[in-house]
Amino acid sequence: MELVVATRNEDKLREIKALLKGLPVKAFSLNSFKGSPDVIEDGSTLKENARKKAIQTSRFLKKFVVADDSGLEVEFLNGDPGVYSARFSGKGATYKSNNEKLLRLLKDVPPTKRKACFKCVIAVADKGKVIGVSEGRCNGKIGFKSEGDNGFGYDPLFIPDGFRKTFAQMSQAQKNKISHRSIALAGAKKIISRYLSPYL
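Attention in this report is confined to the structure presented alongside it. The structure displayed is predicted, hence computed values, not measured ones. (Residues numbered from 1 in each chain as written. Predicted model: local features only at pLDDT ≥ 70, side-chain atom pairs only at ≥ 80, totals over all residues. Heavy atoms only, no water.)

1. Topic: the overall build of the protein
Then, number 1: A tally of helices and strands in the protein yields five helices and six strands.
Then, number 2: Along the three orthogonal principal directions, the C-alpha set of the protein runs to about 55 × 30 × 25 Å.
Then, number 3: Looking at the protein residue by residue over its 200 residues, the buried ones come to 46%.
Then, number 4: For the protein, long-range pairs separated by at least 24 residues make up 60% of all intrachain contacts whose partners lie at least 6 apart in sequence.
Then, number 5: In the form shown here, the protein has an accessible surface area of approximately 10500 Å², with 52% of it arising from carbon and sulfur atoms. (Helix = DSSP H or I, 4+ residues; strand = E, 2+ residues; numbered from the N terminus. Buried < 20%, exposed > 50% of the residue type's maximum accessible area, 1.4 Å probe, protein only. Contact = heavy atoms within 4.5 Å. Areas by Shrake-Rupley, 256 points an atom, 1.4 Å probe, with all protein chains shown as cover.)

2. Some points on the nonpolar core
Then, number 1: In terms of nonpolar packing, the biggest core is built from 20 residues, with Leu20, Ile122, Val124, Leu185 and Ile192 touching the most fellow members.
Then, number 2: For this core, the elements supplying multiple residues, two or more each, are strand E1 (2-5), helix H1 (10-19), strand E3 (64-74), strand E4 (115-126) and helix H5 (180-196).
Then, number 3: Among the elements that make up this core, the one with the highest residue count is H5 (six residues).
Then, number 4: Excluding anything up to four places from it in sequence, valine 124 contacts Phe64, Val65, Val66, Lys129, Val130, Ile131, Gly132, Ala188, Ile191 and Ile192. (Core = buried A, V, L, I, M, F, W, Y, C linked by side-chain atoms within 4.5 Å.)

3. Examining the side chain of arginine 181
Then, number 1: Inspection of the secondary structure puts arginine 181 in helix H5.
Then, number 2: Setting aside residues no more than four positions away along its own chain, arginine 181 makes contact with Lys12, Glu15, Ile16, Leu19, Asp68, Ser70, Cys120, Ile122 and Phe152.

4. What to know about the environment of leucine 196
Then, number 1: Tracing the backbone through its elements, the reader meets leucine 196 in helix H5.
Then, number 2: Its relative accessible area of 2% is what places leucine 196 among the buried residues.
Then, number 3: For the pair leucine 196 and proline 24, spaced 172 residues apart in sequence, the C-alpha to C-alpha distance is 8.9 Å.
Then, number 4: Excluding its chain neighbours within four sequence positions, the residues that come into contact with leucine 196 are Met1, Val25 and Phe64.

5. Notes on the pairing of strand E2 (residues 26-29)
Then, number 1: By the alternation rule, side chains of E2 split into Ala27 and Ser29, which are all buried, and Lys26 and Phe28, of which none is buried.
Then, number 2: In this structure, E1 lies alongside E2, joined through four bridges in parallel fashion. The partner of valine 5 across the bridge, within E2, is serine 29.
Then, number 3: This β-α-β element, E1 to H1 to E2, shows right-handed connectivity. (Pairing = 2+ DSSP bridges. Right-handed = clockwise from strand over helix to strand, strands pointing away.)

Structural data, given as structure tokens:
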């Protein structure tokens with residue numbers, strides 16, 4: 001069965017594909033569907049954005065859709081960048097510019113005040129209706145410099161609790177055991193399995 005991941009981010013698609021392994025679905029990103037809309041993420045929470053993306057994408061494509069919204073919440077910044085994580089450094093934001101801005105804002109902030117949390121919300125929808133929502137979180141802290149070449153987004157700065165290395169210094173398999181997205185997808189996998197069981 002075709003499953004559309006409501007993103008144009010191929011890094012995110014690759015990670016989600018690995019985590020959905022074992023399900024009888026073939027995952028595609030929005031890049032595989034010409035004319036598919038870019039949903040405006042104007043929700044005040046990750047959950048609102050994930051639901052909106054899932055509903056609008058499944059309604060337009062008439063397909064089974066998984067949509068996620070993820071964000072990094074930094075305690076010292078009162079929960080920012082949060083829902084603005086992908087566009088933290090403004091128009092035309094890149095992974096690099098977002099990371100540079102975060103490091104600038106945390107300059108001289110001691111290790112004890114660099115606590116952060118990665119959150120992910122995944123909404124599963126079919127025919128324009130949400131059939132389930134799953135959430136995941138991973139606690140950690142922000143490092144003092146970018147380290148590692150794997151992963152994407154804030155991975156070179158985020159050090160999960162219990163580890164001395166960043167997500168970007170881990171293999172994908174290691175990151176997938178503990179990440180916010182893997183926890184959210186484990187729940188989404190159950191939602192998808194239950195929903196597809198009559199058709200299998």
